Amino acid sequence: MRTIEQELTSCMALEKVVGITIFYLSIVYALGNITLAASSAILLLNIPHRDVALLGLFLIALGSGGIKPCVSSFGGDQFAVPEQERQLQQFFSIFYFSINVGSMFGTLISPILRQDVHCLGEESCFPLAFALPALLMVSAIVIFVLGKRFYLIRKPGGNILIRMCGCIGYALKKKVTCDSRGQKVNHWLELANDKYDSKLINETRIMLSLALMLSPCIFFWALFEQTGSRWTFQASRMNGEVLGYFNIKPDQLHIINPILVLLIIPFFQKFLYPCLASLHLLRTQLQKMVLGGILTAIAFFMSGILEMYLQPTYAVLPGRGEAQLRIFNSFGCNVHLQGSDEFNASVMVESHDMFELKVTGVFLEKSIDVRVNILKEECPNIDSSSLEWRGAFKLTEERATSYLIHGSLRHLNVTSTGYDNVAKSDNGDPRIRVLYSTPQNDILTLRGCDTKTQHATTKLILNSANVTSEELELPKGCYELSSNEISSEILFLKFGGVYRIMLPNKNVGSGEKWNRILFTINPPSSINMLWMVPQFIVITVAEVLFSVTALEFSFMQAPVTMKSVASSLNLLSTSLGNLVVVFIEKAVHTSNQVHNFFIYGGLMIAVMIIFTILAINYKA
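Residues numbered from 1 in each chain as written. Predicted model: local features only at pLDDT ≥ 70, side-chain atom pairs only at ≥ 80, totals over all residues. Heavy atoms only, no water.

Looking at this structure, I do not really get the confidence of the model for the chain. What am I missing?
Detailed reading of predicted coordinates is not advised where the pLDDT is low. Averaged over all residues, the pLDDT of the chain is 81; the fraction at 70 or higher stands at 90%. Mean pLDDT values over the elements of the chain span from 36, in helix H1 (residues 4-14), up to 93, in helix H11 (residues 285-310). Counted against residues more than four places away or in other chains, residues 1-17, with its pLDDT under 50, gives 57 contacts. Throughout residues 509-513 the model reports pLDDT below 50, and contacts reaching past four residues in sequence, or to other chains, amount to nine contacts. (pLDDT = per-residue confidence, 0-100. Helix = DSSP H or I, 4+ residues; strand = E, 2+ residues; numbered from the N terminus. Contact = heavy atoms within 4.5 Å.)

So this is what it looks like as structure tokens:
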């Protein structure tokens, strides 16, 4: 949400009155949450929802960009250093601890409110999911105001950021224009000593050195922020069932991170850090950050290895110059296909079966002429010696196309069911589509028949003029299938599966019972989501070592008048990290997720080598 401009703009006012800044920008943040909740109430409010949602996101970004640099520095200002240096270090751990308490409950509750609660006539309830953070933010403002009399509020020191930028600009101008007039200086910033006092010049030099040391944070956040995108996508391709009792949604898996943070921070503070210090290990903040960066790379290597095992379970999608063809036979007897190209040799599709074919040499489009027939000796119920259809299968490059063979005792038809979406859904829910041939309109009902799907009831209108329904995404579980023409049947849809339900031609074929046939186009996810837990453990340990320590490091190293600016620089690295991801994605042209994970891990190792060199030469 944060942007570079918002971070820098907020810095300009941070050193003036930090407490007031937190108060007013918290109100902006709360208004953003309220606006976002209102924008999602589509049926309730007659408003331009997209524009209102963007306004809400802007207010949230503005409020967040102003609050976050202030809160950590405002908390740090409550301690007297060096007398309370140890308590200050504990504060930053507690501060990060409290952030993750909120993150844990948000990650756990928001998906439930969004997906499992029904409101305003919709199957989901986005307004409630967005309204909860708004309510909590308003409560936080009230608590913050009530505690005002306990706060230590330091005297404002003017707009330090503008003065610092002015100092840098003036010194650079003199250096570039060679206007130093033989002036000998130890540092180029001292060229500004004829306009700015030595205290500001020294503090600005410290901030530039600090900014250089915090630059590796950019790449750390470039990787860490992908746990909410690339890792969520990876989780959606896995089985979320746990012990057969409940299912984990892909976006709920991230609750592991805040839970682990809540466990790891006290353990590190009370036991690990003191123990390592007694062994003369990880004694400095920069050493902790280096180890955290290396663990971040290891976590991405682990996700890359897991992806190697996941890829064989993914749908095989047609690539450049390729197409896929699926032919469904709704007759109760065999069907023969013969024609050009791939059908030079006769192909038989057995009764109530499916035939799949990968076609190559497809450039934009390709048409395959074919003859489809049914023989009376194989299908005694037909009225003539054979039924025949002549036509062409039309294919499109990089797309999957299906055809349904259907008809009556006198006629044979082959109809395209359109393009097939054979990839797994983004949230892991099973995908289904119904193929049918009915002489009159009908209604097909899918009703959940277990505790997980009991609220998922869907009615599909089977229009006699069509042969396919719309594609649905339903929760994993048991469903009862029924209609006017079909007796009640039970089918099971598994996590990540892509299915086609075919309703065969009634009274056409061998006379067997007319029921549905379930085809698995893309098999359900077989690797459990819990296999992602080890990489979450590693990256959470890395987060505590790197992020918490960087927050503490930036505050303690910054001059007294620039604490909030330092905190803002630390937060600015998150925004820059997101930009780095965009540039890397543009530069690295690969859709292979294994390659992506290893590329990011390798780049993180390279950055940590550079950071180690900087840390060795850094002077506090």
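What follows picks up the thread again.
Help me understand the environment of Ser 340 in this model?
With respect to the secondary-structure elements, Ser 340 resides in the loop between strand S4 (335-339) and strand S5 (347-349). In this structure Ser 340 comes out as partly exposed when scored by relative accessible area, which is 25%. Sequence separation between Ser 340 and Glu 123 is 217 residues; the distance between their C-alpha atoms is 48 Å. When neighbours within four sequence positions are excluded, Ser 340 is seen to be in contact with Ile 368 and Asp 369. (Buried < 20%, exposed > 50% of the residue type's maximum accessible area, 1.4 Å probe, protein only.)

How do you make sense of the sheet that holds strand S7 (residues 365-375) when you look at a structure like this?
Strand pairing in a sheet relies on backbone hydrogen bonds, with the paired strands running either antiparallel or parallel. Ordered in space as S5-S4-S7-S8, the four strands form an open sheet in which the pairing is antiparallel. Two strands bound the open sheet, and with one partner strand each, they are S5 and strand S8 (386-396). Pairwise comparison of adjacent strand axes, ignoring direction, gives a mean angle of 30° for this sheet. Pairing geometry for S4 and S5, over three bridges, is antiparallel. When the bridges of S5 are listed, His 336 appears paired with Met 348. (Pairing = 2+ DSSP bridges. Axes fitted to C-alpha atoms, helices over the stretch in contact; angles between N-to-C directions.)

Which parts of the structure should I look at to understand the sheet that holds strand S11 (residues 431-435)?
A sheet is described by the order of its strands in space; here four strands give the open sequence S14-S11-S17-S18, paired in mixed fashion. The open sheet terminates on both sides in strands that have one partner only, identified here as strand S14 (472-473) and strand S18 (517-522). As defined by bridge partners, S11 adjoins strand S17 (residues 498-502) across five bridges and the pair is classed as parallel. Among the inter-strand pairings, Ile 432 is bridged to a residue of S17, identified as Tyr 499.

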